[in-house]
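Fold and contact review
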2 protein chains.
Amino acid sequence: MAKSSRQRPLPKRVYESRLPALREELIQLQVSLQSAAFPILLIIAGDDAAGKGEVVNLLNSWLDPRGVETFAFHDLSDEERERPLMWRYWRSLPLRGRIAIYAGGWHADALEQNPVSRRELALFAETLRHMRHFEGLLADDGALIIKVWLQLSSEDQAQRLHDLEDDPATAWRVSADDWKNHREYATRSRLSAQMRRATHRPNTPWNIIEASDLRSRNLAVAELLLTRVHAHQQARAPQRHHPHPRPIVPLHPSGRQRLRALPLDQDLSESAYQAKRDKWLGRLNHAVRAAAEQGRSIVWVFEGWDAAGKGGAIRRLTSAIDARDYRVIPIAKPTDEEKAHHYLWRFWRHVPRAGRVTIYDRSWYGRVLVERIEGFCASSEWRRAYDELNEFETQLTNHGIIVLKFWLHLSPQEQLRRFRHRETTTYKRHKINDEDWRNRRQWRAYEIAVGDMLALTHRPDAPWHLIPADNKRFARLEILKRSCNQITAALRA
Amino acid sequence: MAKSSRQRPLPKRVYESRLPALREELIQLQVSLQSAAFPILLIIAGDDAAGKGEVVNLLNSWLDPRGVETFAFHDLSDEERERPLMWRYWRSLPLRGRIAIYAGGWHADALEQNPVSRRELALFAETLRHMRHFEGLLADDGALIIKVWLQLSSEDQAQRLHDLEDDPATAWRVSADDWKNHREYATRSRLSAQMRRATHRPNTPWNIIEASDLRSRNLAVAELLLTRVHAHQQARAPQRHHPHPRPIVPLHPSGRQRLRALPLDQDLSESAYQAKRDKWLGRLNHAVRAAAEQGRSIVWVFEGWDAAGKGGAIRRLTSAIDARDYRVIPIAKPTDEEKAHHYLWRFWRHVPRAGRVTIYDRSWYGRVLVERIEGFCASSEWRRAYDELNEFETQLTNHGIIVLKFWLHLSPQEQLRRFRHRETTTYKRHKINDEDWRNRRQWRAYEIAVGDMLALTHRPDAPWHLIPADNKRFARLEILKRSCNQITAALRA
């Protein structure tokens, strides 16, 4: 007699009669996905012995492998350990139009922390918060996230372990750990319920699937996949274009005021500059090496008006750093693989390992600057980006990475002078093009967007440094000083 | 008085008068590279204190950062250690049209082995052989590899260390290790000369640049870069297309004979199959887990006629492996990033970590099969590919990876039957298209190409298993058996 918690088993005959149509539907689904502008993340998590691996294998056998990848997370590698936790999940994301199946997913990773103490529980909650944010951010970007929890009662779990052990073909799957986990069923169950609550949200819900009957379980997962994908395809509005951006209205006028109040008439003689520069370069070198010794990485973010001197400032900085320790990432047009991912993926990609340095020449702030102004993304997209950027940087700083953000500020008159100089200097001519002149005509709009950025993403752990840059020497020196001071302060903290 | 070994220093005035034209040329060079179909690898190696880092920094300041990346190799990460040595260099290759600057390059890595014993020296020679092959393979593919050795005499090295120490701005660059290395100048010099000899070849030569005078050194490196790129651009023939492949003539008829001699009339009842299958699945599971316990990875390569049952065979295999331990990599159209690299890059990308499994559904052998037959690559390209593929696999097997290669063989009659069956089975219809029918018409050409592949890439460490596949059950069982046996034998060896 079947136990009360069990469903009535689906007869094999019924199951097999359904398969051909189901497999046909799955294949047609994949064909229709090829032109889809969104990725699918299918997470197969669940109670121990509920058959996560079986389900993953089965889906792989039903789907055309050319559009599917399976990811499983093992112990952290050192390359992963040296970066914020979410880095390993960012690097395992599917391209748009493709399906990723996660055996256990990040959720299983989190549950393995097995938190007991108050501190561990707080860390667990924090981890879940990051995961919830991660899923929300991908879903907001159009990704379809289907989360399956295969549920098995304690009695069914014992029964299943016995069944597996009794069959010589599957006995290997049962280990002593499985029985230990079984004895801890109640605790583990409570913890996973807590995890599901913490990561449940309307657009990334958990789907509980009863797993005691294998055939019903298999059908339920496949049908869920079909239903959710069809619903997602229908719900998605056709791709909107934003060719006529709306007028740029400040969200936080205080930022623009701060910008406008910045004095730009500094003076610094060449000789005074050189003397001070060498002193600060030496200090910077010490600070960067001290950070490396503690395994702390450094991320520099350079934003500023065209011709404000970002490149020159970066070259001065890097002359004080061992060439083997830093990388400069100039942010220009994304590659195809980058375009097929969430916009933050290309920045996560270059997060430095412990003790190394990444310098972003332009950055993720493009989302709320050029993309906002040119209408490259929808209003809802750049509006929520402030939160996304703050969260991204918080994950960096929480991991101990020192984040230095510079806005190089220029007067329109000085920019004009530099544009003209570039046009008449042969080896600088490549640095000026029509786009620069076009951006210049949008000065007021940029001023508003920069102001909002300063107001909404200035945080104690990653403050914005506003650098008056009409005088290049002054700007470079100021950047060196501020960098040294922030790094030194971060190491003392 | 300048020491005899030194060049006459270049006056600062002369140096600075040359810079604007030089920088202009470098920038124009980069503009011309944007449409180039080849990558540039610039290796800056040299004696200690010769200023490798300075030169790298300087080049970075002269070049437009949007087309340049700098790579430096530190201690191996565990993700690197668990793969063949060359994996870390493969993952640091530039896209076509871009420049990668290597501070020290793989050569510095090799020199750091500092070999003394006979065994170490043999390993050193082996490493250099891999590097020489690596460079040759990239150069054959059109890459421009510029290798610079900055040379500094022992006296000049001492002088330079003193100079650096005397200047407070640079004193930090001199460590106790530098002086220790200086005392070992003769030994280190001999070793690096040996390294240069072993990795010197006509299309990837070493360029020795005297580094005692910094300004002359800087100019020499920049001018070398300019000269080599211009020469490379002129030497490269315009991209050839190969729309009319020449008739396919066997290189090694023995391979085709082996193929034709294979009996295809095996019989195996469903019940006999099922009983044996479960036994062998159990054994395979044990074998794979035993390999993982020893940190041995497994690579399966599946090649075969269209409809020969590769997918089905892979699904049977994977049902015996923990879903978290394997990845199936279906080889279809490369992504844009893959296309912008050497053809082997996309396979190196997926080489498994220690104890994991990668299953390639079609593989690098496409180079000598479809690419040869369809004329997708030049005759010289597929002809040298046999060596490249053997070397690639040897690097895997030398690292302890178990490489299993299967050719699933089919009679033309059976293929026809399966094609027709696919056309009439709804959920299989996506698996058959015009290309399959077109390939089928090329049966004879493929037979020749497969024969050559079998003859030229069958090696004791990675033998080809020819599997009669007219009977699917027989084929699947045979693959299980052979896999178990090869893995078990490899673990015993």
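Counting restarts for each chain, with residues numbered from 1 along the sequence as it is written. Going through the entries in the order they are written, you letter the chains from A and number the ligands from 1. Local features are withheld for residues below a pLDDT of 70 in this predicted model, meaning they are given only at 70 or higher, and side-chain atom pairs are given and counted only at 80 or more; totals for whole chains, interfaces and linings count all residues. The basis for every side-chain value is the complete set of heavy atoms in the structure, and neither hydrogens nor water enter the calculation.

Attention now goes to the overall build of chain A. Counting secondary structure elements, chain A contains 21 helices and ten strands. Seen through its principal axes, chain A has C-alpha atoms that stretch 90 × 50 × 40 Å. Residue burial in chain A is summarised as follows: out of 493 residues, 57% are buried. The contact criterion used is simple: two residues touch if any of their non-hydrogen atoms lie within 4.5 Å. For chain A, restricting intrachain contacts to residue pairs at least 6 apart in sequence, the fraction spanning at least 24 positions comes to 81%. All accessible-area figures derive from a Shrake-Rupley calculation using a 1.4 Å probe, and residue coverage is judged against the displayed protein chains alone. When the accessible surface of chain A is summed, it comes to about 21,700 Å², and 50% of that surface belongs to carbon and sulfur atoms. Positive: Lys, Arg. Negative: Asp, Glu. His and the chain ends are not part of the count. By convention, charge coordinates are those of NZ in Lys, CZ in Arg, CG in Asp, or CD in Glu. The averaged location of the 62 negative side-chain charges in chain A is 6 Å from the averaged location of its 79 positive side-chain charges. Secondary structure is summarised from DSSP: a helix means a run of H or I of at least four residues, a strand means a run of E of at least two, and numbering begins at the N terminus for each. For every residue, the accessible area (1.4 Å probe, protein chains only) is compared with the maximum for its type, and the residue is labelled buried under 20%, exposed over 50%, or partly exposed between those bounds.

Residues and elements named next belong to chain A. Each domain's extent was defined by an automatic or database domain assignment. By domain assignment, chain A separates into domain 1 (12–235) and domain 2 (253–492). Each of domain 1 and domain 2 was reduced to a C-alpha centroid, and the two centroids are 40 Å apart. Contacts between domain 1 and domain 2 engage 22 residues on the former and 22 residues on the latter. Here the quantity called buried area is the total loss of accessible area, with a 1.4 Å probe, experienced by two parts when brought into contact, counted for both. Each partner contributes to the roughly 2,100 Å² buried at the junction of domain 1 and domain 2, and carbon and sulfur atoms together form 55% of this total. For the domain 1 face of the interface with domain 2, the top three residues by lost area are Glu 82, Pro 84 and Trp 90, together amounting to 30%.

The subject of this paragraph is the interface of chain B and chain A. Contacts between the two partners involve 51 residues from chain B, matched on the other side by 51 residues from chain A. Interface of chain B and chain A: buried area, both sides summed, is about 4,700 Å²; carbon and sulfur atoms make up 53% of it. In the sections that follow, a salt bridge refers to a side-chain nitrogen of Lys or Arg positioned within 4 Å of a carboxyl oxygen of Asp or Glu. Our enumeration of links across chain B and chain A arrives at six salt bridges. Here Glu 79 of chain B makes a salt bridge to Arg 91 of chain A, at a shortest N to O gap of 3.1 Å.

We now examine the pairing of strand S6 (residues 298–304) of chain B. All names here are of chain B. A large share of S6 lies buried, amounting to seven of its seven residues. Residue alternation in S6 divides its side chains into two sets, Ile 298, Trp 300, Phe 302 and Gly 304 and Val 299, Val 301 and Glu 303, and both sets are buried. Taken together, the five bridges between S6 and strand S8 (residues 357–361) define a ladder with parallel strand orientation. In the sheet register, Trp 300 faces S8, and the bridge partner there is Ile 359. Sheet topology note: the S6/strand S9 (residues 402–409) ladder contains seven bridges and is parallel. Bridging across to S9, Phe 302 finds its partner in Phe 406. Should DSSP find at least two bridges between two strands, the strands are taken to pair.

Residue and element names in this part refer to chain B. With respect to the helices and strands, the residue His 232 is situated in helix H10 (residues 214–235). What qualifies as a polar contact is a pair of N or O atoms within 3.5 Å, subject to a donor-acceptor requirement within protein and to the restriction that residues adjacent in sequence count only when both atoms come from side chains. A polar contact is formed between the side chain of His 232 and the backbone oxygen of Gly 142, at a distance of 2.9 Å. Not counting the four nearest positions on each side in its chain, His 232 is found in contact with Phe 38, Gly 142, Ala 143 and Leu 144.

To continue, consider the relation of the copies chain B and chain A. All copies are superposed by least squares; the fitting set is the C-alpha atoms of residues with a pLDDT of at least 70 in both. Superposing chain B onto chain A takes a rotation of 180 degrees combined with a translation of 0.0 Å along the rotation axis, leaving an RMSD of 0.0 Å. As the rotation angle and translation indicate, the two copies are arranged about a two-fold axis. Comparing interface residues between copies, 100% of those in chain B also lie at the interface in chain A; the contact surface is shared.

Residue and element names in this part refer to chain B. Helix span is expected to be 1.5 Å times the residue number reduced by one. An ideal rise of 1.5 Å per residue puts 28 Å on 20 residues; helix H17 (residues 379–398) measures up with 29 Å between its terminal C-alpha atoms. Among the 20 residues in H17, 14 count as buried, and that is most of the element. Two residues or fewer after H17 comes Gly 400, characterised by a positive phi angle close to 100 degrees.

What follows deals with the packing of aromatic side chains. Residues and elements named next belong to chain A. Pairing of aromatic rings covers Phe, Tyr and the six-membered ring of Trp, with a centre-to-centre limit of 6.5 Å; geometry is then stacked below 30 degrees between planes, edge-to-face above 60, and tilted otherwise. Going through the model one piece at a time under the given rule, you end up with 44 aromatic pairs over all chains. An angle of 80 degrees between the planes, with centres 5.2 Å apart, marks the rings of Trp 106 and Phe 134 as edge-to-face. Here Trp 106, found in helix H5 (residues 105–112), pairs with Phe 134, found in helix H6 (residues 118–140); they are 28 residues apart in sequence, far enough to count as distant.

On to a negative patch on the surface, then. Residue and element names in this part refer to chain A. On the surface, Asp 163, Glu 165, Asp 166 and Asp 167 cluster together to form a negatively charged patch. Looking at where Glu 165 falls in the secondary structure, it is placed in helix H7 (residues 154–166). The partly exposed category is assigned to Glu 165, whose relative accessible area is 34%. Each patch is assembled from residues with relative accessible area greater than 30% and no salt bridge, linking like charges that lie within 9 Å and nonpolar side chains (Val, Leu, Ile, Met, Phe, Trp, Tyr) that lie within 5 Å.

Attention shifts here to the confidence of the model for chain A. Put simply, chain A has an average pLDDT of 91, and 97% of its residues get 70 or more. Scoring of the predicted complex yields 0.85 for pTM and 0.76 for ipTM. One confidence number per residue, pLDDT, is output by the predictor and ranges from 0 to 100.

We now examine the sheet that holds strand S8 (residues 357–361) of chain A. Hydrogen bonds between backbone groups are what pair the strands of a sheet, and the pairing can be parallel or antiparallel. All names here are of chain A. The five strands are arranged S7-S8-S6-S9-S10 in an open sheet whose pairing can be described as parallel. Each edge of the sheet is formed by a strand with only one pairing partner; in this case those strands are strand S7 (326–330) and strand S10 (464–468). Averaged over all pairs of adjacent strands, the angle between strand axes in this sheet comes to 20 degrees, irrespective of strand direction. Bridge count for S7 against S8 is five bridges, and the pairing is parallel. Every angle, taken between N-to-C directions, lies between 0 and 180 degrees, and every axis is a line fitted to C-alpha atoms, over only the stretch in contact when it is a helix.

We now examine the pattern of salt bridges. This model, assessed by the stated rule, comprises 72 salt bridges over all chains. In this structure, the salt-bridge partner of Glu 69 of chain A is Arg 327 of chain B, at a minimum N-O distance of 2.6 Å. Here Glu 69 of chain A, found in strand S2 (residues 68–71), pairs with Arg 327 of chain B, found in strand S7 (residues 326–330), and the two come from separate chains. Arg 327 of chain B sits in the partly exposed class, given a relative accessible area of 26%. Salt-bridge contacts for Arg 372 of chain A lead to Asp 452 of chain A; the nearest nitrogen and oxygen are separated by 2.8 Å. Taken together, the residues span a long stretch of sequence, with Arg 372 of chain A in helix H16 (residues 370–374) and Asp 452 of chain A in helix H20 (residues 443–457) at a distance of 80 residues. Residues joined by salt bridges that share partners form a network here, namely Glu 79 of chain A together with Glu 80, Arg 88, Arg 91 and Asp 109 of chain B.

The next subject is the packing of H7 of chain A against helix H8 (residues 176–183) of chain A. The packing of two helices is summarised by the inter-axis angle and the distance between the axes. All names here are of chain A. Contact geometry for H7 and H8: axes closest at 10 Å, N-to-C directions at 165 degrees. Regarding the angle of H7 to H8, the classification is roughly antiparallel. H8 is crossed by H7, and the crossing has left-handed handedness. Touching Ser 154, Gln 157, Ala 158, Leu 161, His 162 and Glu 165 of H7 are Asp 178, Trp 179 and His 182, all from H8. Of the residues in the contact of H7 with H8, the class split is three nonpolar, four polar and two charged. Orientation categories follow fixed angle ranges, with anything under 35 degrees roughly parallel, anything over 145 roughly antiparallel, 65 to 115 roughly perpendicular, and all other angles oblique. Left-handed describes a crossing whose near helix is turned anticlockwise from the far helix by less than a right angle; the clockwise case is right-handed. As a working rule, the residues Ala, Val, Leu, Ile, Met, Phe, Trp, Tyr, Cys and Pro are called nonpolar, Asp, Glu, Lys and Arg charged, and the rest polar, with Gly in that last group.

With that settled, consider the side chain of Arg 440 of chain B. Residues and elements named next belong to chain B. For Arg 440, the position within the fold is in helix H19 (residues 434–441). The side chain of Arg 440 sits in the buried core without any salt bridge; Asp 306 is the nearest counter-charge, 9.1 Å away. Here the side chain of Arg 440 touches Gln 415 through a polar contact of 3.0 Å, side chain to side chain. Look past the residues within four positions of Arg 440 in its chain and what remains in contact with it is Pro 412, Gln 415, Leu 416 and Phe 419.

A word on the nonpolar core. As used here, the term nonpolar core means buried Ala, Val, Leu, Ile, Met, Phe, Trp, Tyr and Cys residues forming a set that is joined through side-chain atoms within 4.5 Å. Core analysis: the largest hydrophobic core is formed by 142 residues, its most contacted members being Ile 44 of chain A together with Trp 300, Phe 302, Leu 344, Trp 364 and Ile 487 of chain B. Every residue in contact with Trp 300 of chain B, bar those within four places of it in the chain, is listed here: Leu 284, Val 288, Leu 317, Ile 321, Val 357, Thr 358, Ile 359, Tyr 360, Leu 404, Phe 406, Ser 483 and Ile 487 of chain B.

This next bit is on unusual backbone geometry. Backbone geometry at Ala 49 of chain A places phi at a positive 70 degrees, although glycine is not the residue there. Of note, Ala 49 of chain A is situated in the loop between strand S1 (40–46) and helix H2 (52–62).

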